[in-house]
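# Descriptive structure summary
So you can see what is in the structure, the chains are spelled out below.
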Amino acid sequence: MKKYIWIVAIVFAITSCNQQTEKTAYINNTKVVSDYNVMKNAQEKWTKKNTDLRTELENKAKQFQTEVQGYQNIMKSMTKSNREKKEQELMVKQQQLQREQQNRMQEIKKGSQDEIDSIIKKVKTFVKEYGKKNGYTYIYGETEVGNIFYAKEGLDITDKILSELNGNDSIPSNKE
C-alpha cells in the first residue's frame with residue numbers, strides 16, 4: 001500500500017511539474033487581423049481600387065446610354081436594315097460592357113482575397129514564431145464564435161502581438 005501511495009505521489013509531482021512549465025496565452029484573432037496596419041492598408045487600397053473601377057465603369061455605362069439615346073432620336077429616320085444593324089451593334093456593346101464589368105469586379109475580388117489570405121498567413125506565422133521565441137506551449141485563438149469562454153486574467157496577449165506586428169517591418173515568410 002505504501003508503494004502505491006509513493007507511486008501516485010511521484011506521478012502527481014511529475015504531472016504538476018510538467019503543468020507548471022507550460023506557458024499558455026490567447027489572442028483575439030479578429031482584433032489582431034483587423035487592427036494590423038498592413039491589413040488596414042490593404043483594405044484601404046482595395047476599397048480605393050473598387051471605387052475607382054466602379055467610377056470608370058459608370059462612365060462607360062453613361063457613354064453607352066448616350067449612344068443609345070442618340071440612336072433612339074434618329075431611329076425613325078433610318079431604314080429598317082440600318083436600324084437592325086445599329087441595334088445589333090448596340091446589343092453587342094452592351095454585352096461587352098457587362099462582361100468587362102463582371103471580369104474586372106472578379107479581378108478586384110480575387111486580388112483582394114489573395115492579399116488578405118497572404119496577410120492572415122503572415123500573422124499566423126508571426127504568432128507561431130512569437131510563441132517559440134517567448135517559450136509558449138500554446139497560444140490559443142479566440143474568434144467571434146467565442147471558443148474561449150474563460151481565461152485567467154493576464155493570458156490575453158492580443159495587444160502585445162499587435163504591438164510587435166505593427167512595429168515589425170519584416171514579418172517572417174509563410175512557413176506552413
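Each chain carries its own residue numbering, running from 1 in the written order of its sequence. Totals for whole chains, interfaces and linings use all residues, but because this is a predicted model, local features are given only for residues with pLDDT of at least 70 and pairs of side-chain atoms are given and counted only at 80 or more. Note: side-chain values were computed over all heavy atoms of the structure, leaving out hydrogens and water.

## Details of helix 3 (residues 37–74)
The numbering of helices and of strands both runs from the N terminus, where a helix is a DSSP run of H or I of at least 4 residues and a strand a run of E of at least 2. A helix's residues, less one, multiplied by 1.5 Å, set its expected span. In a regular helix each residue adds 1.5 Å, so 38 residues correspond to 56 Å; helix 3 covers 56 Å between its end C-alpha atoms and thus fits that length. The classification of residues rests on relative accessible area computed with a 1.4 Å probe and restricted to protein chains. Under 20% of the type maximum is buried, over 50% is exposed, and intermediate values are partly exposed. All of the buried residues along helix 3 are Met 39, Ala 42, Trp 46, Leu 53, Leu 57, Phe 64, Val 68 and Tyr 71. On its buried side, helix 3 packs onto helix 2 (29–35) and helix 4 (80–133). Whether two residues are in contact is decided by their heavy atoms: any pair within 4.5 Å suffices.

## A short note on the packing of aromatic side chains
Aromatic contacts are taken between Phe, Tyr and Trp rings whose centres are within 6.5 Å, Trp giving its six-membered ring; a plane angle under 30 degrees counts as stacked, one over 60 as edge-to-face, and the others as tilted. Tallying each qualifying case throughout the model produces 3 aromatic pairs. Between Tyr 130 and Tyr 136, the aromatic rings sit 6.1 Å apart at their centres with planes inclined by 25 degrees, giving stacked as the arrangement. With respect to class, Tyr 130 is no different from Tyr 136; both count as buried. Within the aromatic cluster, the residues linked to one another by ring pairs are Phe 126, Tyr 130 and Tyr 136. Charge-over-ring contacts are defined here by two conditions on Lys NZ or Arg CZ: a distance within 6 Å of the ring centre and an angle within 35 degrees of the ring normal. A cation over a ring is seen here: Lys 23 above Tyr 136, with NZ or CZ 4.5 Å from the ring centre.

## Considerations on helix 4
Here helix 4 spans 79 Å end to end across 54 residues, near enough to the 80 Å set by a 1.5 Å rise per residue. Within helix 4, the full set of buried residues consists of Leu 90, Ile 108, Gly 111, Ser 112, Ile 116, Ile 119, Val 123, Thr 125, Phe 126, Val 127, Tyr 130 and Gly 131. On its buried side, helix 4 packs onto strand 1 (24–28), helix 2, helix 3, strand 2 (138–142) and helix 5 (158–167). Phi turns positive one or two residues past the end of helix 4, at Gly 135, with a value near 75 degrees.

## Regarding the packing of helix 4 against helix 5
For helices, the axis comes from a line fit to the C-alpha atoms of the stretch in contact; other axes are also lines fit to C-alpha atoms, and the angle between any two N-to-C directions lies between 0 and 180 degrees. Running from amino to carboxyl end, helix 4 crosses helix 5 at an angle of 110 degrees, the nearest separation of the two axes being 11 Å. Of the possible angle classes, the one that applies to helix 4 and helix 5 is roughly perpendicular. Judged by the twist between their axes, the crossing of helix 4 over helix 5 is right-handed. Mapping the contact onto sequence places Val 123, Phe 126, Val 127, Tyr 130 and Lys 133 in helix 4 and Lys 160, Ile 161, Glu 164 and Leu 165 in helix 5. Under the convention adopted here, Pro, Cys and the residues Ala, Val, Leu, Ile, Met, Phe, Trp and Tyr are nonpolar, Asp, Glu, Lys and Arg are charged, and Gly plus all remaining residues are polar. By residue class, the composition of the contact of helix 4 with helix 5 is 6 nonpolar, no polar and 3 charged. When an angle is under 35 degrees it counts as roughly parallel; over 145 it counts as roughly antiparallel; between 65 and 115 it counts as roughly perpendicular; any other value is oblique. Rotating anticlockwise by less than a right angle from the far helix to the near helix defines a left-handed crossing, while the corresponding clockwise rotation defines a right-handed one.

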